[in-house]
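Summary of the model geometry
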Amino acid sequence: MPEWLQAGGWGLLAGSALLIGAAVGWYTHVPRWINASIMAFGAGVLLSAAAFELIDKAHERGGVFPTAIGAAGGAVAYTLANVELARRGTRHRKRSGRQPSEKEKPGSGQAIAVGAVLDGIPESVVIGASLLAGSAVSLVTVVAVFLSNVPEGLSSAAGMRRAGRSGRFVFLLWSGIALLSGVAALGGNVLLGGASPALLAGITALAAGAILAMITDTMVPEAFEDAHLLVGLITVAGFLTAYALGHI
């Protein structure tokens, strides 16, 4: 199977967790503290993947300077985009009970869709790039993205239902994001195929910076509001799980 097709398939697999989570959140009633606990676990998994699979490998490829510049750039870009989206009603897009309706905040549905893309694309690009030069896909990154996508889809879909959005909107949204995840992974593999080690390091670190900003800006605070003092333990459990997967 061509490398680019493998990349797209892995990205689609990781993105499909959004749709799985959305189905659970739409058709069942999961207590908010469970949603928050799953999100905390996913945050820990992503933190581990960002540190050991992205930042560390970026440093190996390009050294300290491209890694630091890339990570800082990713964090700045994510934060600026997130500030603008928050003004349009997406501040709690991962929450099951605090999303605004279209009547309360016109255009917030489209903004949530854009926010979901913002959260997911950097992760998918890295999945595709991990296959370059005949390397095996980073299974830890795929697992980390998959596990973090389940609570995102679950909480967001439940919140959309409470805000009065239609099932058609919800499932078209998450199906589209899952497909975009596959396309982003494919694009990351194709477009970065001839990249220099320094450029590849910078882009990998850029994705890591965006992921770290997303975790600390949305996932951990929103998990803490419902899971409270257990968040620390659950997040560390997710971190250690991903760390162990990377060393098996």
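All values derive from a computational prediction rather than experimental measurement. (Residues numbered from 1 in each chain as written. Predicted model: local features only at pLDDT ≥ 70, side-chain atom pairs only at ≥ 80, totals over all residues. Heavy atoms only, no water.)

Within the chain, the regular secondary structure consists of eight helices and zero strands. Shown N-terminal to C-terminal, the secondary structure of the chain runs as helices and strands in the order α-α-α-α-α-α-α-α. Burial status across the chain gives 50% buried among its 248 residues. Nonlocal contacts in the chain, meaning residues at least 24 apart in sequence, comprise 84% of its contacts between residues at least 6 apart. Here the chain displays about 10800 Å² of accessible surface, and carbon together with sulfur accounts for 72% of that area. (Helix = DSSP H or I, 4+ residues; strand = E, 2+ residues; numbered from the N terminus. Buried < 20%, exposed > 50% of the residue type's maximum accessible area, 1.4 Å probe, protein only. Contact = heavy atoms within 4.5 Å. Areas by Shrake-Rupley, 256 points an atom, 1.4 Å probe, with all protein chains shown as cover.)

On to the side chain of serine 124, then. Secondary-structure assignment places serine 124 in helix α4 (residues 108-129). Among the polar contacts listed, one links the side chain of serine 124 to the backbone oxygen of serine 181, at a separation of 3.5 Å. In this structure, serine 124 is in contact with Ser181, Ala184 and Ala185, ignoring residues within four places of it in sequence. (Polar contact = N/O pair within 3.5 Å; in protein donor to acceptor, adjacent residues only side chain to side chain.)

Moving on to the UniProt feature "transmembrane region" (unreviewed entry) in the chain. Mapped onto this structure's residue numbering, the UniProt feature "transmembrane region" (unreviewed entry) falls at residues 7-27, 33-52, 64-81, 125-148, 169-192, 198-215 and 227-246. With 100% helix and 0% strand, residues 33-52 has end C-alpha atoms that lie 29 Å from one another. Annotation note: span residues 64-81, helix share 100%, strand share 0%, distance between end C-alpha atoms 26 Å. (UniProt positions renumbered as here; feature names shortened; annotations may be inferred.)

Right, let's get into the packing of helix α5 (residues 139-162) against helix α6 (residues 167-191). At a minimum axis separation of 10 Å, α5 and α6 run at an interaxial angle of 155 degrees. With respect to α6, the element α5 is oriented roughly antiparallel. At the point where α5 passes α6, the crossing takes the right-handed sense. Contacts between α5 and α6 involve Glu152, Gly153, Ser156, Ala157 and Met160 from the first element and Phe169, Val170, Leu173 and Trp174 from the second. In terms of residue class, the contact of α5 with α6 is made up of six nonpolar, two polar and one charged. (Axes fitted to C-alpha atoms, helices over the stretch in contact; angles between N-to-C directions. Parallel < 35°, antiparallel > 145°, perpendicular 65-115°, else oblique. Left-handed = near helix turned anticlockwise from the far one by under 90°. Nonpolar A, V, L, I, M, F, W, Y, C, P; charged D, E, K, R; others polar.)

Looking now at the environment of glycine 44. Secondary-structure assignment places glycine 44 in helix α2 (residues 32-62). What makes glycine 44 buried here is its relative accessible area of 0%.

What follows deals with α5. When the terminal C-alpha atoms of α5 are compared, their 35 Å separation across 24 residues agrees well with the 34 Å that a helix rising 1.5 Å per residue should span. Within α5, 17 of the 24 residues are buried, which leaves it mostly tucked inside the rest of the structure. Positive phi appears at glycine 164, one or two residues downstream of α5, with a value of about 90 degrees. (Expected span 1.5 Å × (residues − 1).)

Evaluation of the coordinates by the stated rule reveals four aromatic pairs. Consider the rings of tryptophan 26 and phenylalanine 171, whose centres lie 6.2 Å apart with planes at 75 degrees: the pair is edge-to-face. Taken as a pair, tryptophan 26 in helix α1 (residues 3-27) and phenylalanine 171 in helix α6 lie far apart in primary sequence, 145 residues in all. Comparing tryptophan 26 with phenylalanine 171, the two get one shared label, buried. Considering the side-chain rings of tyrosine 27 and phenylalanine 171, the 5.8 Å spacing of their centres and the 20 degrees angle between planes classify their relative orientation as stacked. One end of the pair, tyrosine 27, is in helix α1; the other, phenylalanine 171, is in helix α6, with 144 residues separating them in the sequence. By way of ring pairs, the aromatic residues Trp26, Tyr27 and Phe171 are connected into one cluster. (Phe/Tyr/Trp six-rings, centres within 6.5 Å; stacked < 30°, edge-to-face > 60°.)

On the surface, a nonpolar cluster with roughly 580 Å² of combined accessible area is contributed by Met1, Trp4, Leu5, Val190 and Leu191. Mapped by element, the contributors of at least two residues to the nonpolar patch are α1 and α6. Mapped onto the elements, tryptophan 4 comes out in helix α1. (Patch = residues over 30% accessible without salt bridge, like charges linked within 9 Å, V, L, I, M, F, W, Y side chains within 5 Å. Salt bridge = Lys/Arg side-chain N within 4 Å of Asp/Glu carboxyl O.)

The next point concerns the side chain of threonine 67. In this structure, threonine 67 sits in helix α3 (residues 64-90). Overall, the relative accessible area of 7% leaves threonine 67 in the buried class. The contact partners of threonine 67, leaving out residues within four places of it in the chain, are Ile55, Ala58, His59 and Ala205.

Moving on, we come to the nonpolar core. Among the nonpolar cores identified, the biggest contains 31 residues, and Leu46, Ile127, Ile215, Met219 and Ala223 are the most heavily contacted of them. Those elements giving two or more residues to this core turn out to be α1, α2, α4, α5, α7 (197-227) and α8 (231-245). Considering each element in turn, this core owes the most residues, nine residues, to α7. Counting residues in hydrophobic clusters, the runner-up holds 10 residues, among them Ala157, Phe171, Trp174 and Ile177. (Core = buried A, V, L, I, M, F, W, Y, C linked by side-chain atoms within 4.5 Å.)

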